[in-house]
Amino acid sequence: MRAFIVDRYGKSGNTLRAGDMPEPEVGEHDVLVQVHAAGVNALDLKIRDGEFKLVLPYRPPFVLGNDVAGVVLRIGAGVRKFKPGDEVYARPDKDRIGTFAELISISEDDLALKPSRLTMEEAAAIPLVGLTAWQALVEIADLQKGQKVFIHAGAGGVGTFAIQLAKHLGATVATTTSAANVDLVKRLGADVVIDYRKDDFETVLRDYDVVLNSLDNKTLEKSLRVLKPGGKLISISGPPDPAFARQLGKPWILRPVMRALSHRVRKAARRRQVSYSFLFMRANGKQLGEITSLVDAAIIEPVVDRIFPFEATNDALAYVQTGRAKGKVVVKVRSSSGEEPSRP
């Protein structure tokens, strides 16, 4: 199969190589998916550049990509939830990434039926950011009606989804963006919009219940000061905490490292009587099914900035790296008419 491959794991600014890889194996509880579209994420850049090499020790050559929408081609003997021909989407497990390819094998527990009202390209924009927002706001924050949540970078991939989910949950939503994207985030449901080029959010916001951070450490520490006592700071950009080591199943090896990396922010959080959590989103087909219901009910809609052809996957990554994308960037691998993908 054709794919975009990482040959030099951890080399900053590395580009992917287009080439052939063996067809993935399909285990007893796996589903072989013909990839129609793949979402492109900042996570792909971080993996390519080795930022998670300590905790994600992939062995080159490997295929990059963390979002997929496509059609089931074949199922393992133990699969009960899906059948050939089903239109599905997923964020594969962190140990089984590889959506920048014609085919991928995924555990049935990580898959969900694609929202029927979306194209493949629109559906591929959802899994990673949708699950990130869900696990942050529903699972960790337990966000309730009437609470206040501050979502950084509201026009980004996670931000555009998280704003809509928070509004559905009944929260008051504040966000930061540039002047060019104010109308977009307001349309998605933001109640308080701060132009980060003009105003300092720390001087505008007070007594928030939850902050979802996706930016740098300086912004992270400033975010503590807009929370009320008992509030929750959740970061998807680090630093990782000891709970993340437990999530990886390597507590004794990595917990001291994670404790040291997050010591400063956890200490500052304790002083302000708030909590700090690092979220590295995990694959979850059941939660993705809940998201499907919200999308099919037109409660949440994906925001897609640009769609690149398969052969331009490196261009798609470069565009994401500029930080200018509104919502998500997607690679179109195969047409819905069954047309063969463009050859990289």
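Residues numbered from 1 in each chain as written. Predicted model: local features only at pLDDT ≥ 70, side-chain atom pairs only at ≥ 80, totals over all residues. Heavy atoms only, no water.

Identification of the chain as NADPH:quinone reductase from Lentzea albidocapillata is taken from an unreviewed UniProt entry.

What follows covers the domain arrangement of the chain. Examined at the domain level, the chain breaks down into domain 1 (2-126 + 304-332) and domain 2 (128-278). When each unit is reduced to the centre of its C-alpha atoms, the spacing between domain 1 and domain 2 is 26 Å. Each side of the interface is counted separately: domain 1 has 16 residues, and domain 2 has 19 residues. If you sort the residues of domain 1 by the area they bury against domain 2, Val55, Ile126 and Lys326 come out on top, with a joint share of 38%. (Domains from an automatic or database assignment. Contact = heavy atoms within 4.5 Å. Buried area = accessible area lost by both parts, 1.4 Å probe.)

Here we take up the packing of aromatic side chains. As enumerated under the stated definition, the model contains 9 aromatic pairs in all. A centroid spacing of 5.1 Å and a plane angle of 75° characterise the contact between Phe244 and Phe278, whose relative ring orientation is edge-to-face. With Phe244 in helix H8 (residues 242-248) and Phe278 in strand S14 (residues 275-278), the pair connects residues that are 34 residues apart, well separated along the chain. Where Phe308 meets Tyr319, the ring centres are 6.1 Å apart and the plane angle is 45°; that geometry is what we call tilted. Residue Phe308 is located in strand S15 (residues 304-309), and its partner Tyr319 is located in helix H11 (residues 313-321); the two are separated by 11 residues in the primary sequence. There is no split in this pair, since Phe308 and Tyr319 are both buried. Taken together, the ring pairs connect Phe52, Phe244, Phe278 and Phe280 into an aromatic cluster. (Phe/Tyr/Trp six-rings, centres within 6.5 Å; stacked < 30°, edge-to-face > 60°. Helix = DSSP H or I, 4+ residues; strand = E, 2+ residues; numbered from the N terminus. Buried < 20%, exposed > 50% of the residue type's maximum accessible area, 1.4 Å probe, protein only.)

Under the 1.5 Å per step criterion, the end-to-end length of helix H9 (residues 251-271) is only 26 Å for 21 residues, more than 12% shorter than the ideal 30 Å. The complete set of buried residues in H9 reads Pro251, Leu254, Met258, Ser262, Val265, Arg266, Ala268 and Ala269. Each element contacted by the buried residues of H9 is listed here: helix H7 (217-223), strand S13 (227-235), H8 and S14. Two residues or fewer past H9, Gln273 is found with a positive phi of approximately 60°. (Expected span 1.5 Å × (residues − 1).)

Strand pairing in a sheet relies on backbone hydrogen bonds. The paired strands run either parallel or antiparallel. Reading across from one edge, S2-S1-S4 is the order of the 3 strands in this open sheet, with antiparallel pairing throughout. A single partner strand is all that each edge strand has here, and the edge strands are strand S2 (17-20) and strand S4 (62-63). Strand direction decides the pairing type here: strand S1 (residues 2-6) and S4, joined by 2 bridges, are antiparallel. Of the residues in S4, the one forming a bridge with Ile5 is Val63. (Pairing = 2+ DSSP bridges.)

Before going further, it helps to spend a moment on the nonpolar core. In this structure, Ile47, Phe100, Val149 and Ile291 are the most contacted members of the largest nonpolar core, which totals 117 residues. Among the elements that take part in this core, helix H3 (residues 127-140) stands out by supplying 7 residues, more than any other. When residues of this core are sorted by domain, at least three fall in each of domain 1 (2-126 + 304-332) and domain 2 (128-278). (Core = buried A, V, L, I, M, F, W, Y, C linked by side-chain atoms within 4.5 Å.)

What follows deals with the UniProt feature "domain: Enoyl reductase (ER)" (unreviewed entry) in the chain. Taking the numbering used here, the UniProt-annotated feature "domain: Enoyl reductase (ER)" (unreviewed entry) corresponds to residues 13-331. Here residues 13-331 runs as 33% helix and 25% strand, with 19 Å between its end C-alpha atoms. (UniProt positions renumbered as here; feature names shortened; annotations may be inferred.)

Attention now moves to the sheet that holds strand S9 (residues 148-151). Pairing is parallel across the open sheet formed by 6 strands, whose spatial order is S11-S10-S9-S12-S13-S14. Of all the strands in the sheet, just strand S11 (192-195) and S14 have a single pairing partner and so form its edges. Taken pair by pair, the neighbouring strands of this sheet meet at an average axis angle of 15°, ignoring direction. Looking at chain direction, S9 and strand S10 (residues 172-177) are connected through 4 bridges and run parallel. Across the sheet, residue Val149 finds its bridge partner in S10, namely Val173. Here H3 sits on the sheet in contact with S9, strand S12 (208-213), S13 and S14, set at roughly 150° to S13. Sheet strands touched by helix H4 (residues 157-168): S9, S10 and S12. Its angle to S9, the strand with the most contacts, is close to 170°. (Axes fitted to C-alpha atoms, helices over the stretch in contact; angles between N-to-C directions.)

Mapped onto the fold, Asp86 is located in the loop between strand S5 (68-75) and strand S6 (87-90). When its relative accessible area of 11% is taken as the criterion, Asp86 is described as buried. Here the side chain of Asp86 touches Lys83 through a polar contact of 2.9 Å, landing on its backbone nitrogen. Apart from residues lying up to four places away in sequence, Asp86 is in contact with Gly70, Val71, Val72, Lys81 and Leu113. (Polar contact = N/O pair within 3.5 Å; in protein donor to acceptor, adjacent residues only side chain to side chain.)

Under the counting rule described, the total for this entry stands at 17 salt bridges. For the salt bridge of Lys328 with Asp67, the shortest nitrogen-to-oxygen distance reads 2.9 Å. Taken together, the positions of Lys328 in strand S16 (residues 328-332) and Asp67 in the loop between S4 and S5 put the pair 261 residues apart, joining distant regions of the chain. Neither residue differs from the other here; Lys328 and Asp67 are each classed as buried. Close ionic contact of Arg117 with Glu301 constitutes a salt bridge, the shortest N to O distance being 3.7 Å. Remark: Glu301 occurs in the loop between helix H10 (285-296) and S15 and Arg117 occurs in the loop between strand S8 (111-113) and helix H2 (120-124); sequence separation between them is 184 residues. Note on Arg117: relative accessible area 38%, which makes it partly exposed. (Salt bridge = Lys/Arg side-chain N within 4 Å of Asp/Glu carboxyl O.)

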